[in-house]
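# Residue-level structural notes
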Amino acid sequence: MRRRNVLWPTAVLWMIAVLTASFPVIAAGEDATGKVVFVDTRNSALLLEAAKGGGGIPGAKEGETFTFIVPAELQGAAGGLAPGDAVAVTFEEKEGKDGPRTLKSVTKK
Amino acid sequence: MKRWEVIQAVVLVTLIALVTCEPSTVQAQAQAWDKTGWLKKLEEAKKAEGRVMIQYDAQPNYANWGGVTLFFKKSYGVDIPPDMKGSSATMAALVKERQTTVADVAYYNAVIAAQAGVEKGVHAPYKPMGWDKLPGDCKDPEGRWFCVHEGVIAFIVHTKALERAGVPVPKCWKDLIDPKYKGLVAYDDPTVHGTAWESIFSANVAMGGSTKDIKPGIEYLKKLDPNILRYSRDTSYNPALRGEVAIWFNADGNGYKMKWEDGGPIEVVIPCEGTIATPLAMGMVKWAKRPKLAMAYLDWLLSPEAQGIWADSYWLPAIREYMTENAKKKMKPLHGDYKLVKSVPILEKQDIIDPYKKAWLEQIKRK
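Cut-offs used in this document
Residues numbered from 1 in each chain as written. Chains lettered and ligands numbered in written order. Predicted model: local features only at pLDDT ≥ 70, side-chain atom pairs only at ≥ 80, totals over all residues. Helix = DSSP H or I, 4+ residues; strand = E, 2+ residues; numbered from the N terminus. Buried ≥ 20, exposed ≤ 12 C-beta atoms within 10 Å, placed from the backbone. Axes fitted to C-alpha atoms, helices over the stretch in contact; angles between N-to-C directions. Parallel < 35°, antiparallel > 145°, perpendicular 65-115°, else oblique. Left-handed = near helix turned anticlockwise from the far one by under 90°. Contact = placed C-beta atoms within 7 Å. Nonpolar A, V, L, I, M, F, W, Y, C, P; charged D, E, K, R; others polar. pLDDT = per-residue confidence, 0-100. Core = buried A, V, L, I, M, F, W, Y, C linked by C-beta atoms within 7 Å. Domains from an automatic or database assignment.

Positive phi, close to 50°, is recorded for A:Ser44, a residue that is not glycine. Structurally, A:Ser44 is set in the loop between β1 (30-40) and β2 (45-50). Judged by C-beta crowding, with 18 C-beta atoms within 10 Å, A:Ser44 ranks as partly exposed. A positive phi angle is found at B:Asp57, which is not glycine, with a value near 70°. With respect to the helices, strands and loops of the structure, B:Asp57 is situated in the loop between β1 (55-56) and α3 (65-76).

All right, on to the packing of helix α2 (residues 35-49) of chain B against helix α11 (residues 291-301) of chain B then. Between two packed helices, what matters for the description is the angle formed by their axes and the separation of those axes. Residues and elements named next belong to chain B. Orientation of α2 relative to α11, taken along the N-to-C sense of each, is 150°, at an axis distance of 8 Å. Viewed along their axes, α2 and α11 adopt a mutual orientation that is roughly antiparallel. At the point where α2 passes α11, the crossing takes the left-handed sense. Touching Trp38, Lys41, Leu42, Glu44, Ala45, Ala48 and Glu49 of α2 are Lys292, Leu293, Ala296, Asp299 and Trp300, all from α11. By residue class, the composition of the contact of α2 with α11 is seven nonpolar, no polar and five charged.

All names here are of chain B. Taking burial as the measure, the ten residues of helix α5 (residues 110-119) include eight buried ones, the bulk of the element. Within the sequence span of α5, burial applies to Ala110, Val111, Ile112, Ala113, Ala114, Gln115, Ala116 and Gly117. Gly121 sits one or two residues past α5 and shows a positive phi near 65°.

Once that is clear, we can look at the interface of chain B and chain A. As a measure of interface size, the accessible area lost when the parts come together is often cited. Every contact between the two is made by 17 residues of chain B and, on the other side, 17 residues of chain A. Each residue belonging to the side of chain B that touches chain A can be placed in one class, and the counts come to seven nonpolar, two polar and eight charged.

Caution applies to low-pLDDT regions: their predicted coordinates should not be interpreted in detail. Per-residue pLDDT for chain A averages 82, and the proportion of residues at 70 or more is 73%. Ignoring residues within four places in sequence, the model shows residues 19-28 of chain A, a span with pLDDT below 50, making five contacts including any to other chains.

Bringing the confidence of the model for chain B into the picture now. All names here are of chain B. Scored by pLDDT, chain B comes out at a mean of 92, with 91% of its residues at no less than 70. Scored below 50 in pLDDT, residues 13-30 makes zero contacts in the model with residues more than four places away or belonging to other chains. For this predicted complex, the interface score ipTM comes out at 0.78, while the overall pTM is 0.82.

So, on to the nonpolar core. In this structure, A:Leu46, B:Ala106, B:Ala281 and B:Met282 are the most contacted members of the largest nonpolar core, which totals 135 residues. Of all the elements, strand β4 (residues 146-158) of chain B adds the most residues to this core, at nine residues. Domain assignment of the residues forming this core places at least three in each of domain 1 (35-149 + 279-327) and domain 2 (151-277 + 334-363) of chain B. Beyond its immediate sequence surroundings of up to four residues, B:Ala106 is in contact with B:Gln55, B:Tyr56, B:Asp57, B:Thr90, B:Leu94, B:Ala116, B:Met282, B:Gly283 and B:Val285.

What follows deals with the domain arrangement of chain B. Residues and elements named next belong to chain B. Looking at the assigned domains, one finds that chain B contains domain 1 (35-149 + 279-327) and domain 2 (151-277 + 334-363). When each unit is reduced to the centre of its C-alpha atoms, the spacing between domain 1 and domain 2 is 26 Å. Domain 1 puts 22 residues into the contact, and the matching count from domain 2 is 21 residues. The biggest single contributor to the side of domain 1 that touches domain 2 is α5, with five residues.

Now the structure itself:
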């Protein structure tokens, strides 16, 4: 019984460690704001111009454009956008900072 | 008999002339820019791929991309939206986005274009119309990048701002170290902008450095640092035009545009210790979603029309024969001479891009 009490916190710590180690692969969603430059419906992609200060896109500066993959469930929403629309998006970088960006949500502002 | 000899001689000379002239005539015809054929190609591309294509790094105020893309849209009906990325950011974006990118073509400093096309493998090989007229050292033999125009690194000076500060227009790199220029000098972040990288490399060459030795450049930049206003991640074109930046290291063409087109009190100085040329290049993106449009556009960029627009925008066209008389008249520096431009092969520069950026980040960049 006493032995079990000692092991319980250790197991929790191990679980936390495993979850932490897998965190970069899961990658949390990030927020960004910008202006729609081009909706490439044929290729399921959106070109977004970063807002002032980079609009939340890591390393970006105002006016730079970036490609976002539009997943099937967001194609309707993205298809309704037009160049010049101001949008807020959340996205994830599935393969870490070196991989492409995939939209998780897109909202017209 | 004499008359017969004369006739014989004339026939002989005519035949020799025809035989010797034929190859060059044929060659000239083959190299002539076939606009009719190109228009057909463009129309087919538009039918298949639409009327928008994407260029990474198309800053309206750099190399008159604003004017070039507007002309292309008005004349040929294809829209190319602006993009404010510099050369390094363009390469980084393509490396990251790879097959998902919507970019069809990319523009860079030629050194970075070569790195992107060859080392990073983000370009598709393509040799546009006019390829044979490009100088051999300004294109990849396989077509993974090629030059479109060239600038010369210079001091772009706002004469009114210098007058207000009570200092003379500098003539040499060494002048700028004087504390009287404190807060008056700027160059953009060389880890973001290819032209800014060329600017610090130009300082290195002027101080006696080379593609094998960056120490003179770093030592100079350290001495210059107290006088530097900022190392901007954004282009300093507008701040320099407004006089917020009194002395900006950049390509001469941008300075001449500020002077002649924007009407600013701007002069261009070729520093007395020398400077370098900075060729700019294009590449077709390996994963271009509109390859036919991309090819037609790249063809056009080497046409007499596009090359002439660049000449009239004060950028030396990659195909020199398209240089205009108007540009020759207006591209005159206040101090210095174009004879001071030192030639450094593009591929030789490639090996020191990253080490020089790293040294700059570690020893010069402000934390």
